[in-house]
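The primary structure of each chain is shown beneath.
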Amino acid sequence: MIRILHTADVHLDSPLKSLAMRDEDLRTNVEAATRAAFTRLIDCALSEHVKAVLISGDLFDGKERSARTAAFLTGQFDRLRAADIRVFYIKGNHDAENPITGALDLPDNVHVFDARGGKVQLAENIWVHGVSFAGRHASESLLPRFAEPVSSAVNIAMLHTSLAGASGHDTYAPCSISDLRGAGFDYWALGHVHKRQVHAKSPWVVMPGMPQGRDIGEAGPKSASLLTIRDEKIEVEEVPTSVVEFLSSSLDVTDAVDDDALRALLREHLLTTAATLSSAAGVLRLTLSGSPLRSWQIQRDRDFWSEQINALSRDTGCLWIDRVIFDLQSTKTPSGAANAVDELYMSMMGIQAEPGFSNLAQAEIDEMIQDLPPTVRAQLLPDETAAKALFHRLAEAGARNVFARMKGVDS
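Once a new chain begins, its residue numbering starts again from 1 and follows that chain's sequence as written. Totals for whole chains, interfaces and linings use every residue, but because this is a predicted model, local features are given only for residues with pLDDT of at least 70 and side-chain atom pairs only at 80 or more, for both listing and counting. Based on all heavy atoms of the structure, the side-chain values leave hydrogens and waters out of the count.

A.B. asks: Report on helix 8 (residues 302–315), specifying residues and quantitative values.
C.D. replies: If you check helix 8, its first and last C-alpha atoms are 20 Å apart, about what 14 residues at 1.5 Å a residue would give, namely 20 Å. Only protein chains enter the accessibility calculation, which uses a 1.4 Å probe. A residue is then buried if its area is under 20% of the maximum for its type, exposed if over 50%, and partly exposed in between. A helix here means a DSSP run of H or I that spans at least four residues, while a strand means a run of E at least two residues long, and both kinds are numbered starting from the N terminus. For helix 8, the complete set of buried residues consists of Trp-305, Ser-306, Ile-309, Asn-310, Leu-312 and Ser-313. Here the buried residues of helix 8 occupy an arc of 170° about the axis, which is enough to place them on one side. Projecting away from the buried face of helix 8 at angles above 90 degrees are the exposed residues Asp-303, Glu-307 and Asp-315. Each element contacted by the buried residues of helix 8 is listed here: helix 6 (259–275), strand 14 (281–290), helix 7 (295–300) and strand 15 (319–328). One or two positions beyond helix 8, positive phi appears at Gly-317, with a value near 85°. Expected helix span is computed as 1.5 Å times (number of residues minus one). This arc is taken over the directions from the axis of the helix to the C-beta atoms. In what follows, a contact means two residues having at least one pair of non-hydrogen atoms within 4.5 Å.

Spelled out as C-alpha cells, the structure:
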C-alpha cells in the first residue's frame, strides 16, 4: 500500500481580501492562515506516512518576493525530507511570475517539472508525470507535452488547468474531461480552480480545491486529496486542511420584539454557527432579514448592533464578523404623510421610479462597478436584469436607511 497527498493553489502569503481586517486579532489569524494550512498539510503527510506530496501549481501568489516565505517553505520541505517523503511540484500561472520559484534552492526531495514535461518513477509500479507553465499565460492545451503512460504501471499526471472553463477563473491550459479520460493516465492531479470537485473516478480526475480560503468568495472548509494505492487500484479521500473558514448566513429577526430578544436570537445563531465549523476559526458574513416591529430602529442603530454582533461573535471563542448586512423590511412603512419624515420617505420611494433619477443612479453604479475586477463584475451583474435588480435594492435600502435615521423615535 502506498499513499500520496495531492494539493494545489496554496497561494502562500496571498494578500488579505477580507472586509474585516480592521480587527487586529482577525488580521493576525488570517495573515497566518495560508502558512498554517500548509503546515497542517505537511502534518497530515507525516501522520499518514505518505510516499509523496503532489503540488499542482500556484504554490506562490504572484510577483512578491519574500525571503521569509522561502525560509518557511524550505523548512516544511525539510520536514518531509527527514521522513523520506518526496515532493512533486508543477508551476501554475502564479508561480511562473514569482522570482522565488527560479531562485529558491529546494531540498533534494523536491522535483520541479519544467515546461517541457517529464516523468519520474516514484515506486516500482508508480510513475508521476507533470508539465509546468512556462509563463504567466497558457492559452493552448498542455496535453501534447505529456509522454505516453508507462505500461503495466500506475500513472499519475499533474496539470494546472481551467479545464473547459470555470466561473471566476481565467482560461488556462484548456482541455476537456473527455480529453483527460482518454489520455491513458490513472489519476489526474489537477490545480487552478479553487473549489474542490471530483470530475471522474475511472480514471480519477480530481481538482482538490485550495487548502485555505482567503475571503468570503472562497467560503467553506478546505481540504486536500489523500490517495491510497493498493494492487494498482486507487482510492481517494478528502482530508481537512483549512484553519480559518469563511462563511455566510442569514438570520430572520422578525420575532425580535425588543433589544433583549434580538440579542438572544443573535447569541443562539452565532453559537450554532460556531458549532458547525470544520476549521478552528470562522469569519462570518451575517445578513439580518425579516420584518421586526422595530426594523427602522435597528436600521437607525446599525453601528451599535454591528458592535454588539462583533462582541457576541468573540464570545464564541472562534468566530469573527466579516460584515453585517441589514436587509430588513419595515412593518410600518407610511401609507400617508403623517409628518415631514413620512412625507420624505414617500417622496424618496416615488423618485426612485422616475426615469431621470433611475438613469442618473444607474450611470453612477456603472462607474463604480468598473473599478471592480472583471470576474467580480461578471458575478455581480451577469445580465441586464441583475443590473436593474441591484439598482432597486440599493435605492430601496437607501430610502429605508434615511427614514430610520431621521425618524428618531418610534411613532
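Picking up where we left off.
A.B. asks: Please provide a residue-by-residue account of the packing of helix 6 against helix 8, values included.
C.D. replies: Axis angle and axis distance: for two packed helices, these are the angle between their axes and the distance between the axes, and together they describe the pair. One way to put it is that helix 6 packs onto helix 8 with a least axis distance of 10 Å and a crossing angle of 40°. If you check the angle between helix 6 and helix 8, you find them oblique. Here helix 6 and helix 8 pass one another in a crossing that is right-handed. Of helix 8, the residues touching helix 6 (which contributes Asp-259, Leu-262, Arg-263, Leu-266, Arg-267 and Leu-270) are Phe-304, Trp-305, Gln-308, Ile-309, Leu-312 and Ser-313. Note that Gly is not counted as nonpolar here; it falls among the polar residues with everything else outside the nonpolar set of Ala, Val, Leu, Ile, Met, Phe, Trp, Tyr, Cys and Pro and the charged set of Asp, Glu, Lys and Arg. Split into classes, the residues belonging to the contact of helix 6 with helix 8 amount to 7 nonpolar, 2 polar and 3 charged. Only the stretch in contact is used when fitting a helix axis, every axis being a line fitted to C-alpha atoms; angles between N-to-C directions are given from 0 to 180 degrees. Put simply, angles under 35 degrees are roughly parallel, angles over 145 are roughly antiparallel, angles from 65 to 115 are roughly perpendicular, and the rest are oblique. When the near helix sits turned anticlockwise from the far one by under a right angle, the crossing is termed left-handed; a clockwise turn instead gives a right-handed crossing.

No statement about biological role is implied by the geometric values presented.
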